Amino acid sequence: MTAQAGGRKPLNILLVRVSSLGDVLHNLPMVADIARHFPDANIDWVVEEGYVSLVRLNARVRTIIPFALRRWRKSLGKPETRAEIKHFFRTLREQQYDYVFDTQGLLKTGIIMGAARVVKGGRKVGLANGSEGSGYEGISRIFHNLSIPTDPRTHAVARGRLVAAAALGYEVDTPADFGLPEVSASEPRPEWMPAEPYVVYFHGTARDPKKWAPENWIALGRELAPMPILLPWGSPKEKAEAEVLAAGLPNARVLPKLSMADAMLLARHAGLVIGVDTGLTHIAAAFVRPTVEIYADSPRWKTEGNWSPRIINLGDRGTPPSVAEVLSAARSLLARV
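What counts and what doesn't
Residues numbered from 1 in each chain as written. Predicted model: local features only at pLDDT ≥ 70, side-chain atom pairs only at ≥ 80, totals over all residues. Heavy atoms only, no water. 1 Å grid on protein atoms, 1.4 Å probe; cavity = no way out; pocket = protein on both sides within 12 Å on 5 of 7 lines; lining within 4 Å. Points joined across faces, edges and corners; volume = space filled by probe spheres on them. Helix = DSSP H or I, 4+ residues; strand = E, 2+ residues; numbered from the N terminus. Nonpolar A, V, L, I, M, F, W, Y, C, P; charged D, E, K, R; others polar. Domains from an automatic or database assignment. Buried < 20%, exposed > 50% of the residue type's maximum accessible area, 1.4 Å probe, protein only. Contact = heavy atoms within 4.5 Å. Buried area = accessible area lost by both parts, 1.4 Å probe. Salt bridge = Lys/Arg side-chain N within 4 Å of Asp/Glu carboxyl O. Phe/Tyr/Trp six-rings, centres within 6.5 Å; stacked < 30°, edge-to-face > 60°.

Peer 1: Would you take a moment to explain the layout of surface pockets for this structure?
Peer 2: Over the atoms rolls a probe the size of a water molecule, and in doing so it shows where empty space is left. Within this model, the largest pocket holds a volume of roughly 900 Å³. Looking at the lining of the largest pocket, the elements with two or more residues in it are α1 (21-27), α7 (156-168), α11 (279-286) and α12 (300-303). For the lining of the largest pocket, the leading source of residues is α1, giving four residues. Split into classes, the residues belonging to the lining of the largest pocket amount to eight nonpolar, 16 polar and 12 charged. Taken domain by domain, the lining of the largest pocket gets at least three of its residues from each of domain 1 (12-168) and domain 2 (199-335). Space inside the second largest pocket adds up to approximately 440 Å³. What lines the second largest pocket is a set of 20 residues, and nearest its centre among them are G204, W233, G234, E238 and L280.

Here's what the structure looks like:
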């Protein structure tokens, strides 16, 4: 049943998922699900300003409301910061919503939900519990008037989809659809992007135990030659790590520092992506690029790409894959292109 059945007006829906990169990405399939069942729904989203470019790629999101807590907390005493915060809440309250969904379950997202306006009889919907190993904060429940329980081992993509389905009265019965644009051969490429098919190594991550050993990356890259390997980085430490890999690989190149939009472009055009459990690897999988996801110190069940045969997930917490396993997976994906 659509939102127009019985002459009802289109639903106004607000999604509150502010961070981090992977979590925002994993929330995107909620949009396609809602739109499939309520084609004329108006869907807005509150997100950290650094991830606006990701949400903007989904054409079904009507309005994006940037949230800048990471920046604001550094200058809370400044009048301009306080003015920005006031503007954020004023913008948030301009629209009345039929449903507000907080699928992050933190105090800060609960406060945003609490400040949002709903129509008479509107629902504020959130998580009744966290998933295993999540940073869920139970105090966030005080801002809900409908709390949806989920299995503690629910996949990161499924969690938001199941919450929306329970609140809106439909079943989750399709593969995840992130609503991201397909690659166009006519799309102009930046100078740093090769014209020929290339491999991306998303080797960097904030937590060292999640990384794959440098000698593994180098051994793998030598087997993938002569395909060019591009090495992005997000911090001085990751740049130094990329330079070590490039020194051992004649077919590898360290990229300039990329914006979030350019990093997504890099993933979107890749002939093959190989990466550890990090947001940019998951973005490549969401674009359904040929992707090998490497798990070394995080549970694979939580974020593995399970919506396409073009994604192969290897390793698990405490059992990283071997070079031979990753190479076999990479070659099988390249053979399908």
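From this point, the narrative continues.
Peer 1: Just checking my understanding: could you explain the environment of P320 for this structure?
Peer 2: Tracing the sequence through the fold places P320 in the loop between β12 (311-315) and α13 (323-336). For P320, a relative accessible area of 45% corresponds to the partly exposed category. Sequence separation between P320 and K210 is 110 residues, and the spatial gap between their C-alpha atoms is 8.9 Å.

Peer 1: What should I look at first to understand the domain arrangement of the protein chain in this one?
Peer 2: Reports often express the size of an interface as the amount of accessible area lost when the parts come together. Segmentation of the protein chain into domains returns domain 1 (12-168) and domain 2 (199-335). Look at where the C-alpha atoms of domain 1 and domain 2 centre, and you get two points 29 Å apart. The partner domain 2 presents 15 residues to the 19 residues of domain 1 that form the contact. Roughly 1,300 Å² is buried in total at the junction of domain 1 and domain 2, and carbon and sulfur atoms are behind 73% of that figure. Contact with domain 2 buries surface across domain 1, with L21, L25 and H155 losing the most and accounting together for 39% of the total. Summed over the shared surface of domain 1 and domain 2, the result is zero salt bridges.

Peer 1: For this particular structure, what's the right way to read the packing of aromatic side chains?
Peer 2: The relative placement of two aromatic rings is captured by the distance of their centres and the angle of their planes. In the structure shown here, the tally under the stated rule is eight aromatic pairs. Both rings, one in Y99 and one in F101, keep their centres 6.0 Å apart while their planes meet at 10°; by these two values the pair is stacked. Residue classification places F101 among the buried residues on the basis of a relative accessible area of 1%. Taken together, the aromatic side chains of F67, W72, F88 and F89 make up a single cluster linked through ring pairs.

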